Structures are given as C-alpha cells and as structure tokens.
Amino acid sequence: MDGASTMLLVFLLCLSRVGAEDPYLYYTWKVTYGTISPMGVPQQGILINGEFPGPRINGTSNNNVLVNVFNEIDEPLLFTWGGIQQRKNSWVDGTPGTMCPIMPGTNFTYKFQVKDQIGSYFYFPTLGLQRAVGGYGPINVHSRELIPVPFDRPADEFNVFLSDWYNKGHKTLKKILDSGGSITRPDGLVINGKHGKVGDKMEPLFKMEAGKTYRYRVCNLGLRTSVNFRFQGHNMVVVEVEGSHTVQNDYDSLDLHVGQCLSVLVTADQEPKDYYLVASSRFFKQEYLTVAIIRYTNGNGIAPSPELPPPPPVSTEGIAWSINQFRSFRWNLTASAARPNPQGSYHYGQINITRTLKLVSSKSTEGGKLRYAINGISHIDSDTPLKLAEYYQIPEKVFKYNIMGDNPPDNLEKVTVAPNVVNATFRNFIEIIFENHEKTIQTYHLDGHSFFAVGIEAGKWSPEKRKNYNLVDAISRHTVQVYPHCWAAVMTTLDNAGMWNLRSEMWGRAYLGQQFYFSVLSPERSLRDEYNLPDNQALCGLVKTMKKPPPYTI
C-alpha cells in the first residue's frame, strides 16, 4: 500500500470513529431565585434561565447530555433526572447519597446518556424542599428514526406539569419539618405553575388546530397529592407510561400519582372554541381543582362551557376505580423499544426470583420529632456521600450495610435513624413488595432502574398473592403507587452497578427518612460495568483531601 492510500485509510478510520459516537446535547443553566405567584401570592421561586417550569431537555435515545449548572441561589443545589437510568453512572444521579452538592457561586457539568430509553421524564432539585418552589422541567426522549413508533407522528407535543402548591415557600416548609412538624394540605393545585378558576380570563396554555392530533406529556411534580386530569369534551388515548409504549386504550380521565409521567394523544375533533384542561386532587376529603385553557386556533377565542367533566369516584369506590385503571395499563408487546428488539422479548415472568424484600412504611416520633421509616429504619443523609465513602473504601466511617432487614420488624413504632444502605447482588432478579398500613396513598421510585409493576391489591401481601400477578405484559416503569391499606409488587433486575436511591416520592416523607440506597457492586470492578469517578466531581466530607483510589480498568 502506498503512502497516499495509507493516509486515506487512516483518515477514513478516524471518520468512522467520530461518526460512531452518539450525538451530544449541550445545555447551560443559570439557577436563580425569582418572584412567582402561582396561587396569586408572590413568593420566592427557583428559576432556570429565568423560566418556571424550566427549559426542556429534548433528545433522542442514546444521546449524550451535558448540562452545565451555575448555582446562583444562596443554598447548595443538586439535580436528579427522574427515570433516566444513567447506565453505569450513579455519580451524576444528583442525590445526597451519590454526590457532593453544587455550592452557591459555583458550577458543575452533569454528563449522562439516555441509553436505550424513550418516553417522558423530568428533572428537579433534590436538596431540602426546593422542589416545592420550582426548579423542575421536562426531559423528552424520542425514538431513533430507524425504530418505528406505534402511532402516527403528532402535529405537536406539549409538556404538562400538574402539582400541588404551598404558599409558604420551601425554606419555611423545611423549617417546619426540621422543627418536628409536618406539612399540612396544600393551598391548591397548579398546571405549569399557574392556578386557574372556571370563568377566569386566561391566556391559553396550548393551541390546537382542528382535525389534528397532539401528544401531551403529563407529569405530577407535587409534594404529596395524587391528581386526576381530564380534557373537557375530548377523550385521551394513552400511548406511553414512564418510558414504555402501552396498549392504546381510550380514557375520559386519568389518575396521576406523585412522581409519575405518561403520554396521551388528544385529537382536536370538537367544535372550534376554547376548552378546559381540568386537574383535581384525589383521596383528600377536600377537593382541590384548577383549570387551564386549550384553544382551537380557528375558534376565535369562544369561551369554554362552565360545565366541567365529572371527577372519578371517591372513597373506597374511588380506590377500586383507580386500581382498575392501573391494571388497564398494559405493555404494547408488538411495539419496538428504544433498541431494535421487541419489548416483549424480555419474558420477565419466567425468571426465577432470587430475593424478596417486603417494605412497610411507618410514621413515628424520634427525639420529639416526626420521622418516616421503611422497615423501622429512617434514613438520614451524611456529610460524606455514601457512594464516595464506598469508592474511597471507608464505608465503615460513614454507614453500615444492611441495618434494614428484608422484612419489617414486629414493632414498627421503634425507629432507628441512620444512613440506610442495602447490599444488592449485581444482576440478581428481585421482587419488592410495598405494603401500606396507613390511611394515605404513597408513591415509590427507584433510581437507575425500571421495574415491572406486576400487582396491586387491597389488604396485606402473602406469597399466595403471586398467583394474581401480571407476568405477561405489565408496564416497565420506575414508580408505583401504593393505595391506603393496600400492597404493590414489582420485579426488577439490579443490573446497573452503582449506588441507587429507592424513595418515597412524597417529598416530606423522603426528607424525613422514607428512603434507602441499594449498593449494587460489580465483583469485577470493571469499566464494562461502572464508570470511574468523573474528573470534575466535587469532593466533600471525609474524602475531600483523600488520595483518589486506583481507577477501574477494562
């Protein structure tokens, strides 16, 4: 081969390597305080680039995402990427157990990949009660062009955030919890940070053109309130739940629990005018309600009818109604996933369970202050993030493994307050039972993984209940609701090495201890299973001045 041919071959090889890397998305965020008035009361909110809700991260499966966060508020700050699995990379999960905070006046660049994922997600600040006043926004992950989507491309897509709202502000709410109190019921509900009443003059939230179909990506970013939403005069077709394409059923209204997202298709097939998007609280004695305007572009702004679509049933009947809706969400086994394999090719119902964790929440007082716990352990964050303590091989100076058992103790009133870390065997297939003995609904989320939500029933769980599991087409998702005096069962493979947070999405409960971390260690300590500590990672606590351990190798 002559010199010119060799040079050409080297050039082509370099091009192929460059072309083989997945695309990058770059974002720069300036996080500041700003005055907002969602319920008509001016208060301090958390804005990103001056926006609330924050800017959209809009990507495609396998994109690399870089978010440079400048912290311009007067508190430490962290962001987590709800539902984005961050394969092999719990370093940027954005929880106090995995990262040191971004201190005021500094910045940090998160880098993660939306690997083999599609769907509707969100980001939010995890420290204290910051989530109560904003700082959250959408993450939309689309399928690559070569992967067919099981519905026609919509004319447009809109992000909708439903949330309960408190006029007290996040610092006041945190002070209430720190002093031993509890967060009472909210002041109301908001849609994309605004509260509306029937008859109010409002700017339209979104606009639709007659005859076209639109995708609404709807998330519940509240602190504690389950919400039902419905479109006046329009049906909804559910097409995606937390990253899974679903069997496409029609719904008049949908329950959405704290921390959950789903996508619906709405067709503009009614008389051209304005219509209400209605959101109302669920499982409260007092109903909270808010509305927003959806406008037909050729409707000349004709006001919507004041007659709203009815809410779903309440009390025991309402819980049964909501459970039936949960069961109606089925995985679309004929659809392709983010990767070019049918989702139904993963036969989770035929895998042997290697471990069962039965988790029961409880509420008690410790030292005269309110605490929430799981199996008698109320988690507390340490000054040294748990993952860093583990990586620097000093876990015994920060926490003890497995102080929480796989089953609840007989006496749930006795609570131990400590960092709560559970060892998990890498790639084991496990079953997790959430059992709710309380009068309030709960929602749980697992970082770094999705799980199959296979069953929800009233009463207490027992092994005989497995015969009622959906072992064929349960949704692969990352949250599950647990109704009052009910249980929920999920199955998952802990195949993502790292330190991963399992928590209540009711944020006051999580802040006061209703969470723990799975430590999922690869025995090989290989880059094939987990990335090394990023070079730009801030250090704090006991590891701040320690020598960095040898890196993992291939």
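Up top you'll find the structure we're talking about.
Presented here is a report on the structure given in the accompanying data block. (Residues numbered from 1 in each chain as written. Predicted model: local features only at pLDDT ≥ 70, side-chain atom pairs only at ≥ 80, totals over all residues. Heavy atoms only, no water.)

A few points about the sheet that holds strand β30 (residues 479-482)
By definition, the strands of a sheet pair up through backbone hydrogen bonds, in either a parallel or an antiparallel sense.
1) Next: The mixed open sheet is built from five strands, whose spatial order is β25-β33-β32-β27-β30. In this open sheet, the two strands that pair with only one neighbour each are β25 (421-425) and β30. With direction set aside, neighbouring strand axes in the sheet form an average angle of 20 degrees.
2) Next: Direction of pairing for strand β32 (residues 498-504) relative to strand β33 (residues 515-521): antiparallel, over a ladder of six bridges. Bridge assignment links L502 to a residue of β33, and that residue is F516. (Pairing = 2+ DSSP bridges. Helix = DSSP H or I, 4+ residues; strand = E, 2+ residues; numbered from the N terminus. Axes fitted to C-alpha atoms, helices over the stretch in contact; angles between N-to-C directions.)

Looking at helix α2 (residues 170-178)
1) Next: Within α2, burial applies to H170, L173 and L177. All buried residues of α2 lie within an arc of 65 degrees about the axis, which places them on one face of the element.
2) Next: Buried-residue contacts for α2 involve β1 (24-36), β2 (43-48) and α5 (507-511).
3) Next: Where α2 ends, the next residue or the one after it, G180, has phi of about 105 degrees, a positive value. (Buried < 20%, exposed > 50% of the residue type's maximum accessible area, 1.4 Å probe, protein only. Arc of directions from axis to C-beta. Contact = heavy atoms within 4.5 Å.)

Topic: the sheet that holds strand β20 (residues 289-296)
1) Next: Read from one edge of the open sheet, five strands run β11-β20-β19-β13-β17, paired in mixed fashion. In this open sheet, the two edge strands, each paired with only one partner strand, are β11 (206-208) and β17 (254-256). Within the sheet, the average angular offset between the axes of one strand and its neighbour, ignoring direction, is 30 degrees.
2) Next: Where β11 and β20 come together, three bridges link them in parallel fashion. Residue K207 lies in a different strand from β20, and its bridge partner there is R295.

Some points on the pattern of salt bridges
Two side chains carrying opposite charge are able to pair once their charged atoms lie near each other.
1) Next: Taken as a whole and assessed by the stated rule, the structure comprises 24 salt bridges.
2) Next: Two residues, D406 and R355, come together in a salt bridge whose shortest N-O distance is 2.9 Å. Highlighted residues: D406 in the loop between α4 (386-391) and β24 (416-417) and R355 in strand β21 (residues 355-366), separated in sequence by 51 residues.
3) Next: Given the relative accessible area of 25%, D406 is considered partly exposed. (Salt bridge = Lys/Arg side-chain N within 4 Å of Asp/Glu carboxyl O.)

A short note on the environment of R230
1) Next: Relative to the elements of secondary structure, R230 occurs in strand β13 (residues 227-231).
2) Next: A polar contact is formed between the side chain of R230 and the side chain of N228, at a distance of 2.8 Å. (Polar contact = N/O pair within 3.5 Å; in protein donor to acceptor, adjacent residues only side chain to side chain.)

Comments concerning the side chain of H478
1) Next: Secondary-structure assignment places H478 in the loop between β29 (476-477) and β30.
2) Next: Not counting the four nearest positions on each side in its chain, H478 is found in contact with G82, G83, Y121, E242, G259, Y444, H445, L446, H449 and F451.

A few points about the nonpolar core
1) Next: Residues L162, Y216, F229, F231, L254 and V264 are the most contacted members of the largest nonpolar core, which totals 45 residues.
2) Next: The next biggest cluster of nonpolar side chains, apart from the first, holds 35 residues, and it includes A424, Y444, F516 and F518. (Core = buried A, V, L, I, M, F, W, Y, C linked by side-chain atoms within 4.5 Å.)

Regarding the pairing of strand β14 (residues 236-241)
1) Next: With five of its six residues buried, β14 lies for the most part within the structure.
2) Next: With two bridges connecting them, β14 and strand β16 (residues 250-251) associate as antiparallel partners. If you follow M236 over to β16, its bridge partner there is Y251.
3) Next: Sheet analysis places β14 next to strand β18 (residues 261-267), joined by four bridges and oriented antiparallel.

Some points on the state of the cysteines
1) Next: Within the structure shown, the criterion is met by two disulfides.
2) Next: Disulfide pairing places C219 opposite C261 at an S-S distance of 2.0 Å. When the S-S torsion is 110 degrees, as for the bridge of C219 with C261, the disulfide is right-handed. Here C261 lies in strand β18 and C219 lies in strand β12 (residues 213-220), a separation of 42 residues in the sequence. (Disulfide = S-S within 2.5 Å.)

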